[in-house]
Structures are given as C-alpha cells and as structure tokens.
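Commentary on secondary and tertiary structure
Residues per chain are reported as follows:
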Amino acid sequence: REALVLFDEMLSAGTTVGEATLVSVLSACAQMGALDRGKWVHWHAGSRGMQMSVKLGTALVDMYSKCGAVVTAMEVFESMAERNVYTWTSVVSGLAMNGMGTECLQLFKRMESAGIQPNGVSFVAVLGGCSMAGLVDEGRACFDSMDKYGVDPWKEHYGCMVDLYGRAGRLDDAINFINAMPVEPHEGVWGALLNASRIHNRV
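Residues numbered from 1 in each chain as written. Predicted model: local features only at pLDDT ≥ 70, side-chain atom pairs only at ≥ 80, totals over all residues. Heavy atoms only, no water.

To continue, consider the packing of aromatic side chains. Counted by the stated rule, this structure contains nine aromatic pairs. Residues phenylalanine 77 and tryptophan 88 carry aromatic rings whose centres are separated by 4.9 Å and whose planes lie at 80° to one another, so their mutual orientation is edge-to-face. Here phenylalanine 77, found in helix 5 (residues 70-79), pairs with tryptophan 88, found in helix 6 (residues 85-97); they are eleven residues apart in sequence, far enough to count as distant. Just as phenylalanine 77 is buried, tryptophan 88 falls in that class too. Between phenylalanine 123 and tyrosine 149, the aromatic rings sit 6.1 Å apart at their centres with planes inclined by 50°, giving tilted as the arrangement. Of the two residues, phenylalanine 123 is situated in helix 8 (residues 120-133) and tyrosine 149 in the loop between helix 9 (136-144) and helix 10 (155-167); the sequence distance between them amounts to 26 residues. In this structure phenylalanine 123 comes out as buried when scored by relative accessible area, which is 0%. Owing to a relative accessible area of 16%, tyrosine 149 belongs among the buried residues under this scheme. (Phe/Tyr/Trp six-rings, centres within 6.5 Å; stacked < 30°, edge-to-face > 60°. Helix = DSSP H or I, 4+ residues; strand = E, 2+ residues; numbered from the N terminus. Buried < 20%, exposed > 50% of the residue type's maximum accessible area, 1.4 Å probe, protein only.)

Next up, the structure:
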C-alpha cells in the first residue's frame, strides 16, 4: 500500500518512471490483489512504448495470475518474445493457484520441451497443480524427475506429495511415502496427512 502511495507521488512530481519501478509496483499490486491498478500499469507501460522485457512480462504474468485474471496472464505470456525460468514458473504457479491443475501440468511439460530447466519453485507449483486435479501418477513422475534436473527436494515438495496422495484418498501410499522420506517429517507433511484423514473420514 505504501509503495503504491509513493508511486502516485512519483507520478505527480513528474519523475520519469522506468521498468524497475513498474516491476516493483506490479509486485505490490500482486500482493494486494489490486487488479485495476495492475491493469493501469500495463496500459501505462504500453502507452510509453516500453518494450515487453522478460522482467516486465514476468511481473505482469505474476500480477494477473495472483489477481485471478488467468486468461490475461496467459495472453501476456504468449505475447512475450523471450521468457526465462521465472516467467514459465510464474505462469505454471498461476494456473495451479487458480485450480487449473491439468493446464498447469500441460504447461510444465511444454516448459520442459522448450528446454527450460525447472527450479524448486517450478516443482512446488506443478505438484500443487497435480494435487488439485487428482493427477497422482503424473505428480509422482514430476517428483521423481527432480533428480534429473539436479533439484534436491525441499520440505514443500514432500508436503505436496503427501497432499497429492491424501487428496486422492490414497492414505496408505501417503504413509508409505512419509516412512520412506530421507529427512525427518515436518509439520507440513503431518498436516497434509491429518487433513486427508479428516476429508476421507479415516479417523
């Protein structure tokens, strides 16, 4: 909120607004869910003839996704001439957080086909998407592929896998997964199992 107030003061003072400023403003809009303000920033950048750089495009994709405007986020994504792992991860995360698990997995596979190496955040996003869509086997395949990309599982990845099995009602698989974990199970893992037990009435 304070960032947006300061941005207004900056505009009123006639200060030149560059890409770095707009990226920061879009981040603030994403945090607040301020879609109308984010749209204005998008329009402002276009009206000033600013190039759709990787940083600006990624910030727009992230803002639109977090504000629930997935169609617009995808339009920005598809219009970008250049994308990096953060751009791809932003749109994969956006689809996942908006409940579009199947589309999330499809885009993740497209990301791999494009030769972009996923990072840890990419895997958190796609595992979350698979969990929402009930794509258990696909999610497990993604988890197993982390080693191929040199990504060591975080506690979030383990939590996602337990949630994936749990939501699908495969509690025995969830417990077996926990028992096979190479690290001490944390509260996120136990929380996912408890939640699944409650949902499926496995007292």
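Here we come to helix 12 (residues 187-199). Between the first and last C-alpha of helix 12 there are 18 Å, a value that for 13 residues agrees with the 18 Å anticipated at 1.5 Å per step. Looking at helix 12, one finds that the buried residues are Val189, Ala192, Leu193, Ala196 and Ser197. Considered in projection along helix 12, the buried side chains sweep an arc of 135° and stay on one side of the axis. Pointing more than 90 degrees away from the buried face of helix 12 are the exposed residues Glu187, Leu194 and Arg198. Residues of helix 12 that are buried in the fold lie against helix 10 and helix 11 (171-180). Two residues or fewer after helix 12 comes asparagine 201, characterised by a positive phi angle close to 60°. (Expected span 1.5 Å × (residues − 1). Arc of directions from axis to C-beta. Contact = heavy atoms within 4.5 Å.)

Before going further, it helps to spend a moment on helix 8. Taking 1.5 Å of rise per residue, 14 residues should cover 20 Å, and helix 8 covers 20 Å from first to last C-alpha, within 8% of that figure. Gly120, Ser122, Phe123, Ala125, Val126, Leu127, Gly129, Cys130 and Ser131 are the residues of helix 8 that are buried. Packing partners of the buried residues in helix 8 comprise helix 6, helix 7 (101-113), helix 9 and helix 10. Its side-chain oxygen 3.1 Å from the backbone nitrogen of valine 121, asparagine 119 forms the N-cap of helix 8. Just beyond helix 8, the residue with positive phi is glycine 134, at close to 70°. (Polar contact = N/O pair within 3.5 Å; in protein donor to acceptor, adjacent residues only side chain to side chain.)

Quick look at the side chain of serine 197 now. Counting through the fold element by element, serine 197 comes out in helix 12. For serine 197, a relative accessible area of 18% corresponds to the buried category. Serine 197 has contacts with Leu171 and Arg202, leaving out every residue within four places of it along the chain.

Time to look at the pattern of salt bridges. Applying the stated criterion to the full structure yields nine salt bridges. Between arginine 37 and aspartate 8 there is a salt bridge whose closest N-O contact spans 2.3 Å. Highlighted residues: arginine 37 in helix 3 (residues 35-47) and aspartate 8 in helix 1 (residues 2-12), separated in sequence by 29 residues. For aspartate 8, a relative accessible area of 34% translates into the label partly exposed. The partner of aspartate 173 in a salt bridge is arginine 170, and the shortest N-O contact between them spans 2.7 Å. Taking relative accessible area as the criterion, aspartate 173 reaches 28% and is therefore assigned partly exposed. (Salt bridge = Lys/Arg side-chain N within 4 Å of Asp/Glu carboxyl O.)

Time to look at the nonpolar core. By size, the foremost hydrophobic cluster in this structure holds 63 residues, and its most contacted members are Met63, Leu107, Val126, Val162 and Phe177. Once residues lying within four places of it in the same chain are set aside, the contact partners of phenylalanine 177 are Arg140, Phe143, Tyr158, Met161, Val162 and Tyr165. (Core = buried A, V, L, I, M, F, W, Y, C linked by side-chain atoms within 4.5 Å.)

Below, the discussion takes up unusual backbone geometry. With a phi close to 60°, asparagine 201 is a non-glycine residue in the positive phi region. With respect to the element layout, asparagine 201 can be found in the segment after helix 12.

What follows is about the side chain of threonine 58. Looking at where threonine 58 falls in the secondary structure, it is placed in helix 4 (residues 54-66). Looking at threonine 58, the relative accessible area reads 11%, which means it is buried. Setting aside its immediate chain neighbours within four residues, threonine 58 contacts Met80, Asn84, Tyr86, Thr87 and Ser90.

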